[in-house]
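One-letter residues, chain by chain:
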Amino acid sequence: MSMHPFQLDGRVALVTGAARGLGFEIAQALAQAGAQVWLNGRDAAALAEAVARIHAHSQAHRPAASTLQVHALPFDIADDTARQAALARLQAQSGQLDILVNNVGQRKRRALDDFPLDEIRQLLDVNLVAPLALAREAAQLMLETGATTAGRARIINITSIAGPISRAGDVAYTVAKGGLDAATRALAAELGPRGITVNAVAPGYFATEANDAMVHNPEVADWLSHRTSLGRWGQPPEIAGAVVFLASAAASYVTGQTLAVDGGYLSHF
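Just so we're clear, the structure is a prediction, and the values are computed from it rather than from any experiment.

Quick look at the side chain of Asn-127 now. The topology assignment puts Asn-127 in helix 4 (residues 117–144). Taking the relative accessible area as the measure of exposure, Asn-127 reaches 0% and is therefore buried. Of the polar contacts made by the side chain of Asn-127, one reaches the backbone oxygen of Gln-106; its length is 2.7 Å. Apart from the residues lying within four places of it in its own chain, the contact partners of Asn-127 are Val-104, Gly-105, Gln-106, Tyr-173, Ala-176 and Leu-180.

This is how it looks when you write it as structure tokens:
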């Protein structure tokens, strides 16, 4: 292991759903650790703004540091043709892929009886099938470009504490995230012999833009103060350390695991 086991210099990473929220924080942290990072999303303008924000943050906090290597890669991960074309562009421009972070996720809280099957299928496609397909394609690219022989190949799925636990009115998301958690173990078994580790991070309640209404609801804050060990919402930057760890040399013998970053939600009663 190197003197700086969490450094990612020389690595190339792809983070899906990185224009905002947890995906943005993950992409920024990987770049700060030295990786060249490609930010994915469907909105090219939002991705360009995210790239600019990362550069501005770096210059404000580390003005003497070299410019971070961050790029926008807009595509819909559920579109097979667009996904494959994006990976080809990444390979052509960066020459390799070492780290994939499957962060994209959509959520519609709705009772089972009120959920049209077509919408359930669409959510499962985006939240489970597309990440599985991208993992398969990324693994092939890692093999072709030498990440596996260098011991740098990592796939990290962002699941949720909604995978191992559940509540009424959130069926499609819970099923998808539980499936992605299982896929993490299955992919670890499948890809381990090829030199690729596969792990997951399961966020709890984070104060992201998507949760803005809940964040400003005092009843939710009061509930979390009793329901979690730390008694509060997670702040988006607090997700990043777990992903950097799993992407780094420090986690070279960790695979098939899901790390909950939830303030103690799963272990607290």
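Next comes the rest of the write-up.
Below, the discussion takes up the sheet that holds strand 1 (residues 12–15). Strands belonging to one sheet form pairs held by backbone hydrogen bonds; the direction of such a pair is parallel or antiparallel. Within the open sheet, the seven strands sit side by side as 3-2-1-4-5-6-7. Their pairing is parallel. Taken across any chain shown, the strands that pair with only one partner, and hence form the sheet edges, are strand 3 (70–74) and strand 7 (258–261). Recorded for the sheet is a direction-independent mean angle of 20 degrees between the axes of neighbouring strands. Here strand 4 (residues 99–102) pairs with strand 5 (residues 154–158) via four bridges, running parallel. Pairing of Ile-99 across the sheet is with Arg-154, part of strand 5.

Take helix 3 (residues 80–94) next. With 15 residues, helix 3 should cover 21 Å at 1.5 Å per step; its first-to-last C-alpha distance of 21 Å lies within 8% of that length. Residues of helix 3 that are buried: Arg-83, Ala-86, Leu-87, Leu-90 and Ser-94. One face of helix 3 carries all of its buried residues, which in axial projection span an arc of 100 degrees. Seen from the buried face of helix 3, the exposed residues on the opposite side, beyond 90 degrees, are Thr-81 and Ala-92. In this structure, the buried residues of helix 3 make contact with strand 1, strand 2 (36–41), strand 3 and helix 4.

According to the stated counting rule, one finds five aromatic pairs in the structure shown. For Arg-53, the ring lying beneath its charged end belongs to Phe-24, and the centroid distance is 3.9 Å.

Another aspect to go through is the nonpolar core. In this structure, Leu-30, Val-37, Leu-39, Val-101 and Val-201 are the most contacted members of the largest nonpolar core, which totals 36 residues. Residue contributions to this core peak at seven residues, all from helix 1 (residues 21–32). If near-sequence neighbours (up to four positions away) are discounted, Val-101 is found in contact with Leu-14, Val-15, Thr-16, Ile-26, Leu-30, Ile-156, Ile-158 and Val-243.

A separate point is the pattern of salt bridges. This structure, assessed with the given rule, holds nine salt bridges. Residues Arg-83 and Asp-80 are paired through a salt bridge, measuring 3.0 Å at the closest nitrogen-oxygen approach. Taken as a pair, Arg-83 and Asp-80 lie in helix 3 at a separation of three residues, close to a single helical turn. Asp-181 serves as the salt-bridge partner of Arg-185, at 3.2 Å between the closest nitrogen and oxygen. Here Arg-185 pairs with Asp-181, and both are found in helix 5 (residues 171–191), just four residues apart, close to one helical turn. Judged by its relative accessible area of 15%, Asp-181 is buried. Within the structure, one salt-bridge network assembled from shared partners comprises Asp-80, Arg-83 and Glu-137.

Attention now moves to helix 2 (residues 44–61). Under the 1.5 Å per step criterion, the end-to-end length of helix 2 is 26 Å for 18 residues, consistent within 8% with the ideal 26 Å. Listed as buried for helix 2 are Leu-47, Ala-50, Val-51, Ile-54 and Ser-58. End-on view of helix 2: buried residues confined to an arc of 100 degrees, all on one side of the axis. Exposed residues on helix 2 whose side chains face more than 90 degrees from its buried face are Ala-45, Glu-49 and Ala-60. Along its buried surface, helix 2 packs onto helix 1, strand 2 and strand 3. Its side-chain oxygen at 3.0 Å from the backbone nitrogen of Ala-45, Asp-43 defines the N-terminal cap of helix 2.

Calculation notes
- Residues numbered from 1 in each chain as written.
- Predicted model: local features only at pLDDT ≥ 70, side-chain atom pairs only at ≥ 80, totals over all residues.
- Heavy atoms only, no water.
- Helix = DSSP H or I, 4+ residues; strand = E, 2+ residues; numbered from the N terminus.
- Buried < 20%, exposed > 50% of the residue type's maximum accessible area, 1.4 Å probe, protein only.
- Polar contact = N/O pair within 3.5 Å; in protein donor to acceptor, adjacent residues only side chain to side chain.
- Contact = heavy atoms within 4.5 Å.
- Pairing = 2+ DSSP bridges.
- Axes fitted to C-alpha atoms, helices over the stretch in contact; angles between N-to-C directions.
- Expected span 1.5 Å × (residues − 1).
- Arc of directions from axis to C-beta.
- Phe/Tyr/Trp six-rings, centres within 6.5 Å; stacked < 30°, edge-to-face > 60°.
- Lys NZ or Arg CZ within 6 Å of the ring centre and 35° of its normal.
- Core = buried A, V, L, I, M, F, W, Y, C linked by side-chain atoms within 4.5 Å.
- Salt bridge = Lys/Arg side-chain N within 4 Å of Asp/Glu carboxyl O.

Purely geometric stuff here, so don't read any function into it on its own.
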